[in-house]
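Spelled out from the first residue to the last, the chains are:
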Amino acid sequence: MVSGNSAIRGSRVGSGPMGEQDRGFHAERVAVSYWDAQGNETVRHFAANVPEEEIPDVIDSPSTGLPAGRDKDNPPAVAKLEPYKTHLAYVKERRSEEEAAALLEEALQQLRARRGSASND
């Protein structure tokens with residue numbers, strides 16, 4: 001005697017009279033190919049009734065993570081990664097003392113102008 005389970009052995013729980021076709025597994029689909037900069041092809045399937053403008057032109061390639069486009073001969077370029085900058089590189093980019101003083105003076109002028117206009121209201 002089996003208690004507590006209503007499923008018959010060997011049957012799928014939740015399966016009913018509907019077949020796969022009734023659940024949409026065999027709906028008409030369109031295959032769209034995408035290529036990344038390394039030449040990898042990714043095929044995505046879209047429903048046949050989806051308008052052409054809703055199908056994306058660029059996706060991320062699941063195998064490489066690079067952007068992939070629909071044009072095989074001219075795929076999207078690999079994003080250029082900026083190298084890590086050291087503190088010394090930032091110090092070399094700093095402005096001269098004269099430029100820094102001029103920027104500070106300009107910022108102070110703007111603050112004084114705002115403070116003056118706020119007190120006049």
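The protein chain goes by RNA polymerase-binding protein RbpA in an unreviewed UniProt entry, where it is assigned to Agromyces binzhouensis. As its UniProt record puts it under Sequence similarities (unreviewed entry), the protein chain is described as follows: "Belongs to the RNA polymerase-binding protein RbpA family." Per its UniProt entry, the protein chain bears the Subunit (unreviewed entry) comment "Forms a complex with the RNAP catalytic core and with free principal sigma factors."

**Some remarks on the overall build of the protein chain**
A count of helices and strands for the protein chain gives 2 helices and 4 strands. Moving toward the C terminus, one meets the helices and strands of the protein chain in the order β-β-β-β-α-α. Taking all 121 residues of the protein chain together, 10% fall into the buried category. Long-range contacts, defined as pairs at least 24 residues apart, comprise 30% of the intrachain contacts of the protein chain with a sequence gap of at least 6. Of the roughly 10,700 Å² that the protein chain leaves accessible, carbon and sulfur atoms contribute 51%.

**Quick word on the sheet that holds strand S3 (residues 58–60)**
Strand order in this open sheet of 4 strands is S2-S1-S4-S3, and the pairing throughout is antiparallel. Edge strands, defined here as strands with exactly one partner in the open sheet, are strand S2 (41–47) and S3. Strand-to-strand twist across the sheet, computed as the mean angle between neighbouring axes with direction ignored, equals 40 degrees. As paired elements, strand S1 (residues 29–36) and strand S4 (residues 67–69) share 2 bridges and run antiparallel to each other. For Asp36, the partnering residue across the bridge sits in S4 and is Ala68.

Rules used in this analysis
Residues numbered from 1 in each chain as written. Predicted model: local features only at pLDDT ≥ 70, side-chain atom pairs only at ≥ 80, totals over all residues. Heavy atoms only, no water. UniProt positions renumbered as here; feature names shortened; annotations may be inferred. Helix = DSSP H or I, 4+ residues; strand = E, 2+ residues; numbered from the N terminus. Buried < 20%, exposed > 50% of the residue type's maximum accessible area, 1.4 Å probe, protein only. Contact = heavy atoms within 4.5 Å. Areas by Shrake-Rupley, 256 points an atom, 1.4 Å probe, with all protein chains shown as cover. Pairing = 2+ DSSP bridges. Axes fitted to C-alpha atoms, helices over the stretch in contact; angles between N-to-C directions.

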